[in-house]
Amino acid sequence: MKHFHIEDNNGKVIAANLASDCKNCFSSCSSIGHLVACPLYGGERRQGKVQNRKSVTFLCCDTTKTTKLFREKLDALSYAFPDLIIPKKDIEDKTRQAEQQKVNRLVHNLSAINAHNIQEIYDFVPQGILSANWKRQLDYIQQEIKAHPKKAAMMFLRLAKHSIHMKSEFSIYRKLDREDSGTLDFKDWPIRTVILNVLHTFFVDFTNNGIHVDVDEFYGKVKIDYETIQVAVYHLIGNVAKYTKPNSTVTISFAESHQDVKVNFLMTSAYIEEHEKDLIFEEGYSGISAKKMLKSGDGIGMWRIKQMMELNRGSCSIDRGKDRENVMGFDFSQNVFTLRFRKQK
């Protein structure tokens, strides 16, 4: 194996793969090429160091047969310094920009969710009243809950939904945006319970639109990472609540085979054009019907679902309805969204 170290004359490392045992060799080397006893691999290896006006280049290898050939190889590596520094800087800049974009997206989304939470609280108990009666604010809040229990219960559910949304944003950043897939924790979970844990927080959304949700009985388990699947379920149910035809029924059913477990969401929802069937899983794409309804978001919901299901070795698919039903100028059809979980051995 070759070991190398290239740095500029200010000591900034451009490229290096030295092992800890190699660093003493790098520090003590003062020759352009000679044989040394290797403390890492044993035996003899050739090593050398070249310093010029721009850089310091060190190389150690056991494949070059003569010192003359080794020195030519080391010279060539030192001359390549300008060609290394330019792409390295470009890569570093692009990496920083990409990471900053991920952080900006996380901060933006969490700020928006937090604003919703604050609005929910002060819609129930105005901030001005609390600040004017801060010594008695606990009594006032208790009185409001007793006087308006249903309103308080609705607020609780909305806050719970927002909390799950915030949790999903953290999960996405930690397990996907930071490419830390090593934190996936696969365990057996009853998939119906996982869905109900998210579904109940959308009660207000479904109630406001007169949508009834039927969930079939099912006791089977799937081996999943709970956090990432919760993200997928959150986005899917969010889309169901947003695009399902008012005063209709959504049916969630389960189908189990030797290979997998499928969760089917059957609903009358926004019509999907034939050419959109795959497009809606792409980042940034919003459906034609969603735009007409003025309900299109940033186009990441279905994309996130697909990502999270694939992290769990599963998939998401759509069986789009072909017959249109026009309601108040908007097209709907009977669509089935399916989450497929592979059975783990």
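Residues numbered from 1 in each chain as written. Predicted model: local features only at pLDDT ≥ 70, side-chain atom pairs only at ≥ 80, totals over all residues. Heavy atoms only, no water.

A. Layout of the sheet that holds strand S5 (residues 55-61). An order of S2-S1-S5-S4-S3 is seen for the 5 strands of this open sheet, with the pairing classed as antiparallel. Every other strand in the sheet has two partners, leaving strand S2 (13-16) and strand S3 (34-37) as the edge strands with one partner each. Direction aside, neighbouring strands of the sheet carry axes that sit 15° apart on average. Against the sheet, helix H2 (residues 67-79) touches strand S1 (3-8), strand S4 (44-51) and S5, its axis set at about 140° to S5. (Pairing = 2+ DSSP bridges. Helix = DSSP H or I, 4+ residues; strand = E, 2+ residues; numbered from the N terminus. Axes fitted to C-alpha atoms, helices over the stretch in contact; angles between N-to-C directions. Contact = heavy atoms within 4.5 Å.)

B. Representation of the environment of His200 in the model. Within the secondary structure, His200 sits in the loop between helix H7 (191-199) and helix H8 (203-208). With 43 residues separating them in the primary sequence, His200 and Leu157 have C-alpha atoms 7.7 Å apart.

C. Summary view of empty space enclosed by the protein. Counted according to the given criterion, the structure contains 3 cavities of 30 Å³ or more. Its volume calculated, the largest cavity comes out at about 80 Å³. Secondary structure elements with two or more residues in the lining of the largest cavity: S4 and S5. Taken together, the residues that form the lining of the largest cavity break down as 8 nonpolar, 1 polar and 2 charged. (1 Å grid on protein atoms, 1.4 Å probe; cavity = no way out; pocket = protein on both sides within 12 Å on 5 of 7 lines; lining within 4 Å. Points joined across faces, edges and corners; volume = space filled by probe spheres on them. Nonpolar A, V, L, I, M, F, W, Y, C, P; charged D, E, K, R; others polar.)

D. Looking closely at the packing of aromatic side chains. Across all of its chains, the model carries 4 aromatic pairs by this definition. Each ring, one from Phe218 and one from Phe254, has its centre 4.9 Å from the other, and the planes form 5°; the classification is stacked. Residue Phe218 is located in the loop between strand S7 (212-215) and strand S8 (221-225), and its partner Phe254 is located in strand S9 (residues 249-256); the two are separated by 36 residues in the primary sequence. The exposure class assigned to Phe218 is buried, which follows from its relative accessible area of 13%. Between the NZ or CZ atom of Lys49 and the centre of the ring of Phe26, over which it lies, the distance is 4.4 Å. (Phe/Tyr/Trp six-rings, centres within 6.5 Å; stacked < 30°, edge-to-face > 60°. Buried < 20%, exposed > 50% of the residue type's maximum accessible area, 1.4 Å probe, protein only. Lys NZ or Arg CZ within 6 Å of the ring centre and 35° of its normal.)

E. Focus on the packing of helix H9 (residues 226-243) against helix H11 (residues 301-311). Relative to each other, H9 and H11 sit at 150°, their axes nearing to 8 Å. Relative to H11, H9 is oriented roughly antiparallel. The chirality of how H9 crosses H11 is left-handed. For the pair H9 and H11, contact is made by Thr228, Ile229, Val231, Ala232, His235, Leu236 and Asn239 and by Gly301, Met302, Arg304, Ile305, Met308, Met309 and Leu311, respectively. Class assignment for the residues of the contact of H9 with H11 results in 9 nonpolar, 4 polar and 1 charged. (Parallel < 35°, antiparallel > 145°, perpendicular 65-115°, else oblique. Left-handed = near helix turned anticlockwise from the far one by under 90°.)

F. Broad picture of unusual backbone geometry. Phi is positive for Asn247, close to 60°, though the residue is something other than glycine. Considering the arrangement of structural elements, one finds Asn247 in the loop between H9 and S9. One non-glycine residue, Arg313, adopts positive backbone phi at about 60°. With respect to the helices and strands, the residue Arg313 is situated in the loop between H11 and strand S11 (315-319).

G. Representation of the pattern of salt bridges within the structure. On inspection of all chains with the given rule, the structure shows 13 salt bridges. The residue Lys306 makes a salt bridge to Glu310 at a minimum N-O spacing of 2.9 Å. With Lys306 and Glu310 both in helix H11, this residue pair falls 4 residues apart, about one helical turn. Classification of Glu310 as partly exposed rests on a relative accessible area of 45%. Connected through salt bridges with shared partners, the residues Glu273, Arg324 and Asp331 form a single ionic network. (Salt bridge = Lys/Arg side-chain N within 4 Å of Asp/Glu carboxyl O.)

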